[in-house]
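# Working through the structure, step by step
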Amino acid sequence: MSWFKRVEKGIITPTEEKKETPDGLWYKCPSCKAVTNTTEHRKHLYTCPQCNYHDRIDSAEYFEVLFDENKFVELDPNLTSADPLEFVDSQPYPNRIAITQKKTHLKDAVRSAHGKMNGLDLVVSCMDFKFIGGSMGSVVGEKIARAIDYARQHKIPFLMISKSGGARMMEAGFSLMQMAKTSAKLALLAEAKVPYISLLTDPTTGGVTASYAMLGDFNISEPGALIGFAGPRVIKETIGKDLPKGFQSAEFVLDHGFLDFIVDRKDLKQQLTDLLSMLQPEEKPELAETETVGKKAKKVK
Ligand SMILES: [Zn+2]
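Everything numeric here is computed off the predicted structure, so don't read it as measured data.

With that settled, the discussion passes to the sheet that holds strand E6 (residues 158-164). Read from one edge of the open sheet, seven strands run E3-E4-E5-E6-E7-E8-E9, paired in mixed fashion. With one partner strand each, in any of the chains shown, strand E3 (72-75) and strand E9 (261-262) form the two edges of the open sheet. Lying on the sheet, helix H9 (residues 265-279) is in contact with strand E4 (110-117), strand E5 (120-127), E6, strand E7 (196-204) and strand E8 (218-221); it crosses E4 at an angle near 70°.

Here is the structure:
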């Protein structure tokens, strides 16, 4: 016996009146296939509550993770790319830029900002993979160079969050020049004794790995991130040997001495704060003296 009986026959609901689950309510982990609701996933800073898979996130999310109350001032927000080579592949380069800008609401593949992280000043440049594969063209290089300059002039630690497929082919040689430019700026930063931390996220490859991403006073990464220079197929063909298991994963790269540590995204803000606090110059002695004076003054009374 059924609970409900359909009395009327031939009821048809038009498509527009059918109720549907809104998109983006659930997140399915690509690694363990567990399903979480998106609010929960977001609360875990876009890591899987089951297997801790770190989903790729963009500069907006990293700024939210790091800056206190998501307050920051963006540096050079309006730099956009020119077309020095008049490059055309399946479409002219300026078209590709315009379409990508419209789609992503970004100006190029990196954003820089300064703000406070647990009360400490910090300059961050963070790459956006969804902008032409996080490729490094002249705008990316220039924005990073300017952020480093800002950090050096204001003596504020610099954090680079890399996520890139490498150089931007549409700018060819101009892209490659960014490797030298950013590396030279980082050398000046080191000379000024301002700390530089490089966070390599999934994926960090090509010219980015071969320049600023590997030049940190600390090179750190998120779990499971792909880190390499050339892709595995190219390497395999070149050396004519099979590659070891887990090749180019953050854990493999750590084991082989290229990383200082791997940090869970949920601990990122606190670990960076601890690290930068350790790197801060010693507290000024005047403070201690004032206290002693105060105590003495009390004793006199
Ligand atoms: Zn998972």
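Next up on the list: the packing of helix H4 (residues 138-154) against helix H5 (residues 172-191). Where H4 contacts H5, the two axes come as close as 8 Å, and the packing angle between them is 5°. Classified by the angle their axes make, H4 and H5 are roughly parallel. Touching Ser-138, Val-140, Gly-141, Ile-144, Ala-145, Ile-148, Asp-149, Ala-151 and Arg-152 of H4 are Phe-174, Gln-178, Lys-181, Thr-182, Lys-185, Leu-186, Leu-188 and Leu-189, all from H5. Broken down by class, the residue content of the contact of H4 with H5 amounts to nine nonpolar, four polar and four charged.

One can read the domain layout of the protein as domain 1 (24-55) and domain 2 (57-281). For domain 1 versus domain 2, the distance between C-alpha centres works out to 24 Å. Opposite the eight residues of domain 1 that make contact, domain 2 presents nine residues. Looking at side-chain class alone, the side of domain 1 that touches domain 2 contains three nonpolar, four polar and one charged residues.

Taking 1.5 Å per residue as the helical rise, H5 with its 20 residues ought to reach 28 Å, and the 30 Å between its terminal C-alpha atoms agrees with that figure. For H5, the full list of buried residues reads Ser-175, Gln-178, Thr-182, Lys-185, Leu-186 and Leu-189. For H5, the arc enclosing every buried residue in end-on projection is 100°, short of the 170-degree limit, so these residues lie on one face. Residues of H5 that are exposed and point more than 90 degrees away from the buried face comprise Gly-173, Ala-180, Ala-184, Ala-187 and Glu-191. Buried residues along H5 sit against H4, E6, E7 and helix H6 (206-209).

Glancing now at the UniProt feature "zinc finger region: C4-type" (unreviewed entry) in the protein. The positions that UniProt labels "zinc finger region: C4-type" (unreviewed entry) are, in the present scheme, residues 29-51. Along residues 29-51, the helical share is 26% and the strand share 13%, with 9 Å between the first and last C-alpha atoms.

The next thing to look at is the nonpolar core. In globular proteins that are soluble, nonpolar side chains generally tend to be buried together. In terms of nonpolar packing, the biggest core is built from 50 residues, with Val-124, Ile-144, Ile-148, Phe-158, Leu-159, Met-160 and Ile-161 touching the most fellow members. The element best represented in this core is H4, accounting for seven residues. The residues contacting Leu-159, other than those within four sequence positions of it, are Leu-122, Val-124, Ile-197, Leu-199 and Leu-272.

Okay, the environment of Gly-166 next. Of note, Gly-166 is situated in the loop between E6 and H5. Overall, the presence of 22 C-beta atoms within 10 Å leaves Gly-166 in the buried class. Separated by 10 residues in sequence, Gly-166 and Leu-176 place their C-alpha atoms 9.6 Å apart.

A separate point is unusual backbone geometry. With an omega dihedral of -10°, the bond running from Asp-202 to Pro-203 counts as a cis peptide bond. As for its position among the elements, Pro-203 is in strand E7. For His-105, which is not glycine, the phi torsion reads 60° and is therefore positive. Checked against the element boundaries, His-105 lands in the loop between helix H3 (93-104) and E4.

We now examine the confidence of the model for the protein. Close inspection of predicted coordinates is inappropriate in any region flagged by low pLDDT. For the protein, per-residue confidence averages 91 on the pLDDT scale, and 91% of positions sit at 70 or higher. Confidence drops under a pLDDT of 50 for residues 292-301, and excluding neighbours within four residues, the segment shows zero contacts in the predicted structure.

Once that is clear, we can look at the environment of Glu-191. Note that Glu-191 resides in helix H5. You can call Glu-191 exposed: it has 9 C-beta atoms within 10 Å. When the C-alpha positions of Glu-191 and Lys-71 are compared, they lie 29 Å apart, and in sequence the two are 120 residues distant.

Counting buried positions over the eight residues of E4 gives six, a clear majority of the element. Taken together, the four bridges between E3 and E4 define a ladder with antiparallel strand orientation. Paired with Glu-74 across the bridge in E4 is Ala-113. Looking at chain direction, E4 and E5 are connected through eight bridges and run antiparallel. Note that in E5 the partner of Met-117 across the bridge is Leu-120. Connecting E4 to the antiparallel partner E5 that follows it, the hairpin turn spans two residues, and Asn-118 within it adopts a positive phi of roughly 45°.

The rules behind these values
- Residues numbered from 1 in each chain as written.
- Predicted model: local features only at pLDDT ≥ 70, side-chain atom pairs only at ≥ 80, totals over all residues.
- Pairing = 2+ DSSP bridges.
- Helix = DSSP H or I, 4+ residues; strand = E, 2+ residues; numbered from the N terminus.
- Contact = placed C-beta atoms within 7 Å.
- Axes fitted to C-alpha atoms, helices over the stretch in contact; angles between N-to-C directions.
- Parallel < 35°, antiparallel > 145°, perpendicular 65-115°, else oblique.
- Nonpolar A, V, L, I, M, F, W, Y, C, P; charged D, E, K, R; others polar.
- Domains from an automatic or database assignment.
- Expected span 1.5 Å × (residues − 1).
- Buried ≥ 20, exposed ≤ 12 C-beta atoms within 10 Å, placed from the backbone.
- Arc of directions from axis to C-beta.
- UniProt positions renumbered as here; feature names shortened; annotations may be inferred.
- Core = buried A, V, L, I, M, F, W, Y, C linked by C-beta atoms within 7 Å.
- pLDDT = per-residue confidence, 0-100.

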